[in-house]
Amino acid sequence: IPIGDGVSILAVIKFFLIFIFGFTIAIFYKRKISNAAGYLKNSSPATKTMLANLGYYFLVILTFVFALNSVGIDLSSLTILVGALSVGIGFGLQNIVSNFISGIILIFEKSIQVGNIIEISDQFRGRVTQINMRSSVINTFDNIDIIIPNSTLMQNNVINLTFSDDIRRLHIPFSVAYGTNSDFIIKLILDSLKETQLVYIREDESRQAKIWMTGMGASSVEYKLLVWVNANTNRFGLDSSGMSDFLIFIYNTLQKNNIEIPFPQMDIHIRKGEI
């Protein structure tokens with residue numbers, strides 16, 4: 001049964017069957033590469049994502065072209081249509097094209113990869129779980145998935161906390177009252193830290209825990225405990241839970257040894273005026 005000037009229902013059915021078949025193969029390929037074992041089992045998540053996405057879109061485009069040819073549509077006749085659509089792309093689809101190109105750049109540049117922990121504009125931190133052609137998915141430490149357009153990652157300042165190295169140093173501030181011996185405080189905290197179950201880097205001689213005196217305030221002497229942690233084995237310092245564990249340890253240690261933890265105080269002197 002012909003439709004219009006010669007496109008039959010059979011040709012339309014043939015087109016959709018070929019496209020569905022090819023689309024199914026593309027989905028199967030993407031899943032297979034994303035969960036690849038064997039020779040790809042040692043590949044990084046970013047490499048698997050790149051191969052999966054590029055192969056998927058290539059198969060979809062190839063299927064679409066093959067389906068059009070199979071029903072007798074001359075692709076050269078679509079040149080005028082493509083030219084007309086380019087005007088729409090330049091206006092209505094500008095953001096989509098921008099995100100698409102940004103996604104390709106991210107995949108090949110590898111400045112941001114799947115598994116990296118990133119911080120965007122001081123708004124949130126999270127681990128990159130997907131980099132797609134239009135958008136990327138960030139899973140925050142509260143287990144919230146945030147979908148971000150790829151152009152945002154390209155145009156804004158992005159802090160990649162695990163770009164070249166997974167090791168990070170935490171700065172845990174604390175203070176004690178004036179009159180407390182500084183050598184005693186430093187030795188006490190460091191010795192007590194070694195006896196805890198807190199997870200931090202202990203064996204690397206170049207990354208040992210240390211304490212700095214950082215200031216002499218109005219009511220207290222201020223210190224910082226510095227420890228190195230691995231961002232991929234724990235999230236210490238990348239969210240508030242790690243900082244909290246170290247602060248609790250310092251507080252309990254000072255309390256146990258009867259070391260005064262100062263708080264701001266103000267003396268008020270009332271002078272009796274002359275009558």
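As shown above, the structure is provided for reference.
Residues numbered from 1 in each chain as written. Predicted model: local features only at pLDDT ≥ 70, side-chain atom pairs only at ≥ 80, totals over all residues. Heavy atoms only, no water.

Draft legend 1. Molecular detail of the overall build of the protein chain. Across its full length, the protein chain carries seven helices and 10 strands. Per-residue burial over the protein chain gives 34% buried out of 275 residues. Restricting to contacts in the protein chain with at least 6 residues of sequence separation, those with at least 24 account for 61%. Total accessible area on the protein chain stands at roughly 17900 Å², and carbon and sulfur atoms take up 60% of it. (Helix = DSSP H or I, 4+ residues; strand = E, 2+ residues; numbered from the N terminus. Buried < 20%, exposed > 50% of the residue type's maximum accessible area, 1.4 Å probe, protein only. Contact = heavy atoms within 4.5 Å. Areas by Shrake-Rupley, 256 points an atom, 1.4 Å probe, with all protein chains shown as cover.)

Draft legend 2. Local environment of the environment of Pro149. With respect to the helices and strands, the residue Pro149 is situated in strand E6 (residues 145-149). Separated by 17 residues in the primary sequence, Pro149 and Asn132 place their C-alpha atoms 9.4 Å from one another. Pro149 has contacts with Asn99, Arg134 and Ser135, leaving out every residue within four places of it along the chain.

Draft legend 3. Broad picture of the side chain of Asn116. Residue position: Asn116 is located in the loop between helix H4 (94-109) and strand E3 (117-120). With relative accessibility at 9%, the residue Asn116 sits in the buried group. Side-chain polar atoms of Asn116 contact the backbone nitrogen of Gln113, separated by 2.8 Å. Of note is the side chain of Asn116, whose polar atom sits 3.3 Å from the backbone oxygen of Thr162. Among all residues touching Asn116, those that are not within four sequence positions of it are Ser111, Gly126, Arg127, Val128, Asn160 and Thr162. (Polar contact = N/O pair within 3.5 Å; in protein donor to acceptor, adjacent residues only side chain to side chain.)

Draft legend 4. The nonpolar core, seen in detail. One finds Phe174, Ile189, Leu193, Leu225, Val227 and Phe246 to be the most contacted residues of the largest nonpolar core, which totals 23 residues. Listing elements by their share of this core, those giving two or more residues are strand E8 (167-176), helix H6 (182-194), strand E10 (221-230) and helix H7 (240-256). Setting aside residues no more than four positions away along its own chain, Leu225 makes contact with Leu170, His171, Ile172, Phe174, Ile189, Leu190, Leu193, Lys210, Ile211, Phe246 and Ile250. One finds Ile118, Phe124, Ile131 and Ile148 within the second-largest nonpolar core, a separate group that totals 13 residues. (Core = buried A, V, L, I, M, F, W, Y, C linked by side-chain atoms within 4.5 Å.)

Draft legend 5. A look at the pattern of salt bridges. Tallying each qualifying case throughout the model produces two salt bridges. With a closest N to O distance of 2.4 Å, Arg125 and Glu119 form a salt bridge. Owing to a relative accessible area of 28%, Arg125 belongs among the partly exposed residues under this scheme. Its relative accessible area of 9% is what places Glu119 among the buried residues. Between Lys187 and Asp191 there is a salt bridge whose closest N-O contact spans 2.8 Å. Of this pair, Lys187 and Asp191 are both found in helix H6, four residues apart, which corresponds to roughly one turn of the helix. The exposure class assigned to Asp191 is partly exposed, which follows from its relative accessible area of 31%. (Salt bridge = Lys/Arg side-chain N within 4 Å of Asp/Glu carboxyl O.)

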